[in-house]
Amino acid sequence: MMAATHRKHLVKDFNHFITCYVCKGYLIKPTTVTECLHTFCKSCIVQHFEESNECPKCGIQVHETNPLEMLRLDNTLEEIIFKLVPGLRESEQQREMEFWKRNKSRENGEEDGPRSKRARLDEDDDDGADRDYHRSDPQIAICLDCLRNNGQVGENTVKGLMKKFIRCSTRVTVGTIKKFLSLKLKLPSSYELDVLCNGEIMGKDHTMEFIYMTRWRLRGENAYPMVLEYRPRIDFG
């Protein structure tokens, strides 16, 4: 019986599937355009959509006004790339840590409140699925403000938090923030909230890093922590 032969594959054999059309490097935080299913590095496609509403590869118009809403992270592809390319995960984690250290030099300032009084989202969230956001991830400080709008339905139910400053992973999503708020405010499971940044409603799959980089425009002396507002969900019909 002949022994089965195994062909060895090189990483370059898969480059067509794991490299970014924009920067030509390996896909970092692969992000797919839902309209055409083309995938790019998250930073590459976000920067591209600041100037254009079209897919950089096929030219299709992704969205008339807000193409960023049509992006989805591909965590499965990210894990595949990290397994295929030795050392890529470690080098990117190091670069990410250095980036957040540079951009969070004011984290220990008074605007973030005393360290002992800050709530940690990863300690208070009881949803096991969200514990995948490791404590070793880069952290970000957030201020959660209750948005008041006189006469809005549900205002008496949704209150301000006693401790509105939290610190969490940059990979935490808006969906997780909503769960955290519902838990802290003791809201019914069916109760819906909107989370906004600079007056714009954020999608449930947006990560804190994504919002910080694309929506949090205040970069002056008092730009930290990032402020997110929440309110009872408004159904625009």
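Residue positions are counted from 1 within each chain, in the order its sequence is given. At least 70 in pLDDT is required for a residue's local features to be given in this predicted model, at least 80 for side-chain atom pairs to be given and counted, and no such filter applies to totals for whole chains, interfaces and linings, which use all residues. Side-chain metrics rest on all non-hydrogen atoms present in the structure, leaving aside hydrogens and water.

A. Fine view of the confidence of the model for the chain. When pLDDT is averaged along the chain, the result is 77, and 75% of the positions lie at 70 or above. The lowest-confidence element of the chain is helix 5 (residues 121-124), averaging 49 in pLDDT; the highest-confidence one is strand 2 (residues 39-41), averaging 93. Confidence of the predictor at the level of single residues is given by pLDDT, which spans 0 to 100. We call two residues contacting when some pair of their heavy atoms lies within 4.5 Å. Scored below 50 in pLDDT, residues 106-118 shows 20 contacts in the model against residues more than four places distant or in partner chains. Here residues 122-134 is a poorly scored stretch, pLDDT under 50, and it has 22 contacts once near neighbours within four places are set aside; other chains count. Secondary structure elements follow DSSP: runs of H or I no shorter than four residues count as helices, runs of E no shorter than two count as strands, and numbering proceeds from the N terminus.

B. Inspection of the packing of aromatic side chains at higher detail. To pair, rings of Phe, Tyr and Trp, with the six-membered ring standing in for Trp, must have centres within 6.5 Å; the planes then decide the type, stacked if under 30 degrees apart, edge-to-face if over 60, and tilted in the middle. This structure, assessed with the given rule, holds zero aromatic pairs. A ring is scored as having a charge over it whenever the NZ atom of a lysine or the CZ atom of an arginine sits within 6 Å of its centre and within 35 degrees of its normal. The ring of Tyr-21 carries Lys-24 above its face, with NZ or CZ at 4.4 Å from the centroid.

C. A look at the sheet that holds strand 2. A pair of strands counts as paired when DSSP detects no fewer than two bridges linking them. Read across the open sheet, the three strands follow the order 2-1-3; overall the sheet is antiparallel. Two strands bound the open sheet, and with one partner strand each, they are strand 2 and strand 3 (71-73). Averaged over all adjacent pairs, the angle separating strand axes in this sheet is 35°, with direction ignored. Direction of pairing for strand 1 (residues 30-33) relative to strand 2: antiparallel, over a ladder of three bridges. When the bridges of strand 2 are listed, Pro-30 appears paired with Cys-41. Lines fitted to C-alpha atoms define the axes here, with helix axes fitted over just the stretch in contact, and angles between the N-to-C directions of these axes take values from 0 to 180 degrees. Sheet strands in contact with helix 2 (residues 42-49) are strand 1, strand 2 and strand 3, and its direction is about 95° off that of strand 2.

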